[in-house]
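# Summary of the model geometry
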Amino acid sequence: MLLIDADAQGSLTASLGFTEPDSLEVTLATIMGNLINDEEVEPGEGILHHEEGIDLMPGNIELSGLEVSLVNVMSRETVLRSYIEIVRESYDYILIDCMPSLGMITINAFACADSILIPVQAAYLPVKGLQQLIKTVGKVKRQINPKLEIEGILLTMVDSRTNYAKDISAMLKEAYGSRVRIFANIIPISVRAAEISAEGVSIYKHDPKGKVASAYDSLTKEVLADGQ
Ligand SMILES: Nc1ncnc2c1ncn2[C@@H]1O[C@H](COP(=O)(O)OP(=O)(O)OP(=O)(O)O)[C@@H](O)[C@H]1O
Ligand SMILES: [Mg+2]
């Protein structure tokens, strides 16, 4: 499995233990820059290996600069797709972690993805953001990537002591349930989960018997049960 950090904040990169993303020599920005300049990219180039058997194409602040310069590039929506074509053979699954904004890098991710999983924090409902997101996905599907689907909306960081989750889940179902799947599995909030970004390991390693690991396990089964 390959993870691609397409967020200029580099949170995914940092949380896998590469704590200073901004000082990495080769990142997604470098690779995409090379592809834009028609330079050769090798399949393993810049890929980091995590102890849990996961590969990572790291991301950092340079993605912000790339985002701006992409505007003037030919095939600006499909640079990431050309990268995926180079590495696709080597992996069963490729997951791209996107930024919260719908800029050019995120559009690049939509242009090459088979499906999109949308995590929504249970504490507040970003209705406007979700509407815009679903609209953009539809547009990319029509114009660039006909295969693109929304895998589902995942309610995360749910605090079972409050009723927010139930309210928000109900609102999501009412607003989007007919068009988009709302996953039956939700991810509870847990201090153990908050700890892992500093540990550089996954929840399966950090707290294998905990409720968050078991929730992600069930979610994985729910995702894989569909259409495989
Ligand atoms: N189930 C959970 N319980 C408690 N804390 C969590 C949980 N899931 C994620 N967190 C913590 O919340 C923070 C944000 O999580 P995450 O990075 O997944 O969200 P994000 O929206 O992608 O944020 P960013 O904009 O930084 O990329 C992280 O510090 C993470 O450790
Ligand atoms: Mg993030």
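Refer to the structure printed above.
Below, the structure is looked at part by part. No experiment lies behind these values; they were computed from the predicted model shown.

Conventions we followed
Residues numbered from 1 in each chain as written. Chains lettered and ligands numbered in written order. Predicted model: local features only at pLDDT ≥ 70, side-chain atom pairs only at ≥ 80, totals over all residues. Heavy atoms only, no water. Helix = DSSP H or I, 4+ residues; strand = E, 2+ residues; numbered from the N terminus. Rg over C-alpha atoms; globule rule 2.2 N^0.38 Å. Buried < 20%, exposed > 50% of the residue type's maximum accessible area, 1.4 Å probe, protein only. Contact = heavy atoms within 4.5 Å. Areas by Shrake-Rupley, 256 points an atom, 1.4 Å probe, with all protein chains shown as cover. Lys, Arg positive; Asp, Glu negative; His and termini not counted. Charge placed at Lys NZ, Arg CZ, Asp CG, Glu CD. Patch = residues over 30% accessible without salt bridge, like charges linked within 9 Å, V, L, I, M, F, W, Y side chains within 5 Å. Salt bridge = Lys/Arg side-chain N within 4 Å of Asp/Glu carboxyl O. Near = heavy atom within 4 Å. Polar contact = N/O pair within 3.5 Å; in protein donor to acceptor, adjacent residues only side chain to side chain. Nonpolar A, V, L, I, M, F, W, Y, C, P; charged D, E, K, R; others polar. Core = buried A, V, L, I, M, F, W, Y, C linked by side-chain atoms within 4.5 Å. Pairing = 2+ DSSP bridges. 1 Å grid on protein atoms, 1.4 Å probe; cavity = no way out; pocket = protein on both sides within 12 Å on 5 of 7 lines; lining within 4 Å. Points joined across faces, edges and corners; volume = space filled by probe spheres on them.

## Quick look at the overall build of the protein chain
Per the secondary structure count, the protein chain includes 10 helices and six strands. Relative to the globule expectation of 17 Å for 228 residues, the C-alpha radius of gyration of the protein chain, 18 Å, shows essentially globular dimensions. Judged by the C-alpha coordinates and their principal axes, the protein chain covers about 55 × 40 × 30 Å. A total of 228 residues make up the protein chain; the buried ones form 43% of that total. When contacts within the protein chain are restricted to residue pairs at least 6 apart in sequence, those whose partners lie at least 24 apart make up 75%. In the structure as shown, the protein chain presents an accessible area of about 12700 Å², 53% of it carried by carbon and sulfur atoms. Within the protein chain, the 32 negative side-chain charges are centred at a point lying 13 Å from the centre of the 19 positive side-chain charges.

## Side note on a nonpolar patch on the surface
On the surface, Met1, Tyr93, Leu95 and Leu224 cluster together into a nonpolar patch covering about 350 Å² of accessible area. Following the sequence through the fold, Tyr93 ends up in the loop between helix 4 (79-87) and strand 4 (94-98). Among the residues examined, Tyr93 registers a relative accessible area of 40% and is labelled partly exposed.

## Some words on the site of ligand 1
As a structural note, the neighbourhood of ligand 1 is formed by Asp7, Gln9, Ser11, Met157, Ile187, Pro188, Ile189, Ser190, Ala193, Ala194 and Ser197. Residue Gln9 places a side-chain N or O atom 3.1 Å away from an oxygen atom belonging to ligand 1. Relative to its free-state accessible area of 620 Å², ligand 1 is covered by the protein chains to the extent of 58%. Considering every element that reaches the shell around ligand 1, the biggest residue donor is helix 8 (residues 191-199), with three residues. Classifying every residue of the shell around ligand 1 gives six nonpolar, four polar and one charged.

## As for the nonpolar core
By size, the foremost hydrophobic cluster in this structure holds 27 residues, and its most contacted members are Leu28, Met32, Leu70, Tyr83 and Ile105. Counting residues in hydrophobic clusters, the runner-up holds 22 residues, among them Ile116, Ile118, Tyr176 and Val180.

## Considering the sheet that holds strand 4
Across a sheet, strands are paired by hydrogen bonds formed along the backbone, either parallel or antiparallel in direction. The four strands are arranged 2-3-1-4 in an open sheet whose pairing can be described as mixed. In this open sheet, the two edge strands, each paired with only one partner strand, are strand 2 (48-49) and strand 4. Pairing between strand 1 (residues 2-6) and strand 4: five bridges, direction parallel. Each residue of the ladder has a partner; that of Ile4, found in strand 4, is Ile96.

## Some details on the pattern of salt bridges
The final tally for this structure, using the stated rule, is nine salt bridges. For Lys205, the salt bridge goes to Glu51, with nearest N and O atoms at 2.9 Å. Linking Lys205 in helix 9 (residues 203-206) with Glu51 in the loop between strand 2 and strand 3 (55-57), this pair joins segments that are 154 residues apart in sequence. The exposure class assigned to Glu51 is exposed, which follows from its relative accessible area of 58%. When the shortest N-O distance is used, the salt bridge between Glu151 and Arg181 registers 3.3 Å.

## Focus: the layout of surface pockets
Picture a little ball the size of a water molecule; that probe, rolled over the atoms, points out where space is still empty. Here the second largest pocket is characterised by a volume of approximately 180 Å³. Every residue lining the second largest pocket is listed: Ile134, Val137, Gly138, Lys141, Leu148, Glu149, Ile150, Glu151, Arg179, Val180, Arg181 and Asp226. Taken together, the elements giving at least two residues each to the lining of the second largest pocket come down to helix 6 (127-143) and strand 6 (149-156).

## Notes on the pairing of strand 5 (residues 115-121)
Every second residue of strand 5 is oriented toward a common face, the buried set being Ile116, Ile118 and Val120 and the non-buried set Ser115, Leu117, Pro119 and Gln121. Here strand 5 pairs with strand 6 via seven bridges, running parallel. Bridged to Val120 within strand 6 is Leu155.

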